[in-house]
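Residue strings, one per chain:
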Amino acid sequence: MSYFDAASSTPLHPVARQALLASLDEGWADPARLYREGRRARMLLDAAREAAAEAVGCRADELVFTSSGTRAVHAGIAGALAGRHRIGRHLIVSAVEHSSVLHAADAHAVGGGSVTQIEVDRQGRVTPAAYADALRPDTALACLQSANHEVGTEQPVAEVAAVCRESGVPLLVDAAQSLGWGPVEGDWSLLAASAHKWGGPSGVGLLVVRKGVRFVSQGPADERESGRAAGFENLPGIVAAAASLRAVRAEAEQEAVRLRELTERIRVRVPRSVPDVEVVGDPERRLPGIVTFSCLYVDGETLLHELDREGFSVSSGSSCTSSTLTPSHVLKAMGVLSEGNVRVSLPMGTPEEDVERFLAVLPGAVAGVREKLGAPVAAAAVRQDDALVVDALGKRCPIPVIELAKVIGDVPVGGTVRVLSDDEAARLDIPAWCEMRGQEYVGEEPADHGAAYVVRRVS
C-alpha cells in the first residue's frame, strides 16, 4: 500500500518512536515537582522546548506545547484578540486558511467581532497589498498560513508580516504544513503548528508568542505552560515531537529536492496521460511533496475508492467526497475545478517506483470512473428563447457538467446553453469547465429551483 496523504498526517518518524518509548520510562512524573523523578521529567521537557524553539527560530520561553495544532490556533487567536481588545475587534484571515482558523474567525464574528477575508488568485496565493488594504485602525490581528494544506501553494508570509508590522498589527502564522521543511521567514508575531504533520505523534501542538505581543490567555487560569495551555503536559508525546522535528529538519534539504522532482513528474505527466485534467496550485512556490489535480467528468469519491483498491491512499477536496456536497473552500476560493479532485502528498522517503506505479494506474482508474458516469441517460434538453436548456436538477457532481458537455455541440457558435442545477459545486465547476474547454461562461441567473448557469458556445 502506498500512502500518499502526508498532508493529512505523516507516518511516525523512527526517531519519534524511539524517543516516545524512552520517555515513557523516564518522563512519567510531574515536571512541576522538585523530587528526583520530577526533576528528570523537567529536564526532558526543557530539552524538548529548547529543541523545538531552535527549529522554529524563537526563544524557548516564547514556545508552549498544546494538545493539538487546532488547539494552538484557537488559543493563539483568542489570546491575541483578547490582548488587543482595546485596539479593536477586527480580524483578518485569508480565504484559504485551514478550517481551524476559519472556525475561530466564525466564532469571533458570532461574538460581535468583525472579520475580513482576503481573496486569493487562481494559484491560491494572497498579495501583501490585499492585506495592506484590509488593515484598519481597529485591526487586532491578522492570520496567514505559511503554505496551503490542499494545493501546496506557499504564501508570501515575510512580505505580509512586514506590512502588518508597519501598522503595528501582529500576524499569526499557521505553519502546520511547512514547519518540517524549515523555519518560517519574516517578522511574524505568533505561530502555531502540529507534530503529526512532520512525523511526530498526534496530540501535540505548539504555540509561539513573541515577546512584546499583547496576549491574554482565555479560559480558567492554569500554571502549566506559562498559563497558555492548560492541563498536564503530554511529556512522552512532546519529547517525541521535538526529536522528530529535529530529525526531519536534518533530512529536509536533500529530501525536498527528491520530492520536488517526483511531484513535478506527476504535474507534467498526469495531463499528458489523462484528458481533461486541471493541475492546480502555484507551479513554483509550493511545498515539496504536494501536487493536486482535478479531473472533468469524474466523481471524486468513486475515483478515491478505485485508487484505494489499486493500493494508493490519496485525499480529495471534491464536493463528491463530502456529506455536505459543498466543494472545498480552498478550491472554491481559487475558482478552479473541484470535481474529480485528487491531492497527492508524498511523505519523506516515498520510493520513486511507487510514483511510477501511480502514474501507470491513474489513467485507467479515471477512464473507468468516466465510463461508469457516462451510463446515466442524458438530461432532457429543450429549446427556450433561442437557448438550449439542460435540466440537471437533483443530479450531483459531476453530472451537470457531463450533461453540458454532451449538448454544447448541439447549439450554433454564439448560441447558449442554460444548465439548471441545484448542486453547489456547479457554481464552481461549470465556469472552470468553460475555461478548460474554451467556451464563454456568461453567468448565473435565478431559477425556480437552484440556479441557471449560462454558457455561450465559442468554438
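Residues numbered from 1 in each chain as written. Predicted model: local features only at pLDDT ≥ 70, side-chain atom pairs only at ≥ 80, totals over all residues. Heavy atoms only, no water.

Undergrad: Would you mind showing me how to read the sheet that holds strand β12 (residues 341-345) here?
TA: In a beta sheet, neighbouring strands pair by backbone hydrogen bonds and run either parallel or antiparallel. Strand order in the open sheet formed by three strands is β9-β10-β12, with antiparallel pairing between adjacent strands. Single-partner strands in this sheet number two, and they are β9 (277-280) and β12. Here the strands of the sheet are splayed against their neighbours by 20° on average, with no regard to which way each runs. Of the strand pairs in this sheet, β9 and strand β10 (residues 290-295) are connected by four bridges, and their pairing is antiparallel. (Pairing = 2+ DSSP bridges. Helix = DSSP H or I, 4+ residues; strand = E, 2+ residues; numbered from the N terminus. Axes fitted to C-alpha atoms, helices over the stretch in contact; angles between N-to-C directions.)

Undergrad: How should the state of the cysteines be read in this particular structure?
TA: Enumeration according to the criterion identifies zero disulfides in this entry. Lacking any disulfide linkage, Cys-164 is separated from the closest cysteine sulfur, that of Cys-143, by 9.5 Å. Note on Cys-434: no disulfide assigned, nearest cysteine sulfur contributed by Cys-397 at a separation of 17 Å. (Disulfide = S-S within 2.5 Å.)

Undergrad: Mind showing me how you'd approach the packing of aromatic side chains here?
TA: Evaluated as defined, the whole model comprises three aromatic pairs. Ring centres of Phe-4 and Phe-312 lie 5.6 Å apart, and the angle between their planes is 45°; this geometry places the pair in the tilted category. Here the residue Phe-4 occupies a position in the loop between β1 (2-3) and α1 (14-26), and Phe-312 occupies one in strand β11 (residues 312-313), the gap between them amounting to 308 residues. Relative accessible area serves as the criterion here: at 1%, Phe-4 is assigned to the buried category. Note on Phe-312 and Phe-358: the rings are 5.3 Å apart at their centroids and 75° apart in plane angle, and the pair reads as edge-to-face. Of this pair, Phe-312 sits in strand β11 while Phe-358 sits in helix α10 (residues 352-373), and the two are 46 residues apart along the sequence. Taken individually, Phe-312 and Phe-358 each receive the classification buried, so the pair is uniform in this respect. Pairwise contacts between aromatic rings join Phe-4, Phe-312 and Phe-358 into one cluster. (Phe/Tyr/Trp six-rings, centres within 6.5 Å; stacked < 30°, edge-to-face > 60°. Buried < 20%, exposed > 50% of the residue type's maximum accessible area, 1.4 Å probe, protein only.)

Undergrad: Would you explain the UniProt feature "coiled-coil region" (unreviewed entry) in the chain in this entry?
TA: When the UniProt feature table is mapped to this numbering, "coiled-coil region" (unreviewed entry) covers residues 242-269. Taken end to end, residues 242-269 is 100% helix and 0% strand, and its two terminal C-alpha atoms sit 37 Å from one another. (UniProt positions renumbered as here; feature names shortened; annotations may be inferred.)

Undergrad: Sorry if this is basic, but what is going on with empty space enclosed by the protein here?
TA: Any space left empty among the atoms is revealed by the rolling of a water-sized probe across them. Under the definition given, this model contains one cavity of 30 Å³ or more. Quantified by volume, the largest cavity comes out at close to 40 Å³. Every residue along the wall of the largest cavity is listed here: Ala-52, Phe-65, Ala-195, Trp-198, Val-204, Gly-205, Leu-206, Ala-241, Ala-242 and Leu-245. Put simply, the parts of the chain that give the lining of the largest cavity at least two residues each are β8 (205-209) and α7 (235-273). Among the elements that take part in the lining of the largest cavity, α7 stands out by supplying three residues, more than any other. Taken together, the residues of the lining of the largest cavity sort by class into nine nonpolar, one polar and no charged. (1 Å grid on protein atoms, 1.4 Å probe; cavity = no way out; pocket = protein on both sides within 12 Å on 5 of 7 lines; lining within 4 Å. Points joined across faces, edges and corners; volume = space filled by probe spheres on them. Nonpolar A, V, L, I, M, F, W, Y, C, P; charged D, E, K, R; others polar.)

Undergrad: I keep staring at helix α11 (residues 399-407) and nothing clicks. Help me out?
TA: Residues spaced three or four apart along an α-helix face the same direction, because each turn holds 3.6 residues. Extensive coverage of α11 is indicated by the burial of seven of its nine residues. Those residues of α11 not exposed but buried are Ile-399, Pro-400, Val-401, Ile-402, Glu-403, Leu-404 and Val-407.

Undergrad: What exactly am I supposed to notice about the side chain of Gln-155 here?
TA: Topologically, Gln-155 is positioned in the loop between β5 (139-145) and α6 (157-166). A polar atom in the side chain of Gln-155 sits 3.0 Å from the backbone nitrogen of Val-126. (Polar contact = N/O pair within 3.5 Å; in protein donor to acceptor, adjacent residues only side chain to side chain.)

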